[in-house]
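Breakdown of the fold
Residues per chain, in single letters:
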Protein chains: 2
Amino acid sequence: MAREAGRGASHRAAPVHARLDDVTVQEALAALADPVRLTLVRELASSDDWTRSCGSFDVPVGKPALSHHFAALRAAGLVEQRDEGARRVNRLRREEFDARFPGLLALVLRGD
Amino acid sequence: MAREAGRGASHRAAPVHARLDDVTVQEALAALADPVRLTLVRELASSDDWTRSCGSFDVPVGKPALSHHFAALRAAGLVEQRDEGARRVNRLRREEFDARFPGLLALVLRGD
DNA sequence: GGGACTGTATGGTTTCCATCGAACACTCTG
DNA sequence: CAGAGTGTTCGATGGAAACCATACAGTCCC
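Residues numbered from 1 in each chain as written. Chains lettered and ligands numbered in written order. Predicted model: local features only at pLDDT ≥ 70, side-chain atom pairs only at ≥ 80, totals over all residues. Heavy atoms only, no water.

1. Overview of the sheet that holds strand E3 (residues 87-92) of chain B
Residues and elements named next belong to chain B. Pairing within the open sheet is antiparallel, and its 3 strands lie in the order E1-E3-E2. The open sheet has two free edges, formed respectively by strand E1 (52-53) and strand E2 (79-84), since each of these has just one partner strand. In this structure, E2 lies alongside E3, joined through 6 bridges in antiparallel fashion. Note on E3: the bridge partner recorded for Gln-81 is Asn-90. (Pairing = 2+ DSSP bridges. Helix = DSSP H or I, 4+ residues; strand = E, 2+ residues; numbered from the N terminus.)

Listed below in structure tokens is the structure:
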């Protein structure tokens, strides 16, 4: 069987990402109104793109809950995910999200 | 008994308002992430200050729920209330809230 | 292939919050 | 004072969401 060379294609279902135009203000606010998700976004904002896997965040929840939170962040257009081997690495969709909801990201990243 | 002239003093417990500095971003977001409260804020934004009583809003909830929503908006520093006779009239705390959370109000008032 | 690792799916529990009905408090008017 | 109008409080209920333990699906390394 031919196998992709180098960074091989994943045989897992690729993560589904939201179109920013389909995200409502209310959904964006609801996504950010959760303490765990807020921590994830902030921690992600202080890291380089594609450097943080899902399990590398310091939040007091188990793996299933964490997975659910990332799905919520994806649905809100806040994060993009890519499979890299066994792990799934993340990126904050700064510019796209800021274009859709100007200033909102800056607001939650300014530490209170 | 001496009675206040004109707009008399209320014998009701005055509404308690939040200090904007005590409101966290997360609380502000949670307050705005509700569809009913979002409607209240938007409708209030398109009205002059102190012209809208609590019961004058077009939301599909009963009086008790409405009362709780206004309490939530007060706690988030979004509205100020004043008793005027039998009615309780409202005002959107535009500038104070915008000073605390720049751009957030503008964001939710821009119709999607 | 065997095992460690990473993330997702499933099922069930708990917690939180929006809501309502009913009752109460206050204001104005007749 | 009686009654209508406005808003809050109380108690209870229903549903949504967050959470966990377990089980499962890929991926990597030996």
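2. Describing the side chain of Arg-100 of chain A
Examined against the element boundaries, Arg-100 of chain A turns out to sit in helix H4 (residues 94-100). Not counting residues within four places of it along the chain, the set of residues in contact with Arg-100 of chain A comprises Leu-20, Asp-21, Val-23 and Thr-24 of chain A together with Asp-112 of chain B. (Contact = heavy atoms within 4.5 Å.)

3. Re the packing of helix H2 (residues 35-45) of chain A against helix H3 (residues 63-75) of chain A
Residue and element names in this part refer to chain A. Close contact between H2 and H3 brings their axes to 10 Å; oriented N to C, the two are set at 70°. Classified by the angle their axes make, H2 and H3 are roughly perpendicular. Contacts between H2 and H3 pair Val-36, Arg-37, Leu-40 and Val-41 from the former with Leu-66, His-69, Phe-70, Ala-72 and Leu-73 from the latter. Residues belonging to the contact of H2 with H3 are distributed by class as follows: 7 nonpolar, 1 polar and 1 charged. (Axes fitted to C-alpha atoms, helices over the stretch in contact; angles between N-to-C directions. Parallel < 35°, antiparallel > 145°, perpendicular 65-115°, else oblique. Nonpolar A, V, L, I, M, F, W, Y, C, P; charged D, E, K, R; others polar.)

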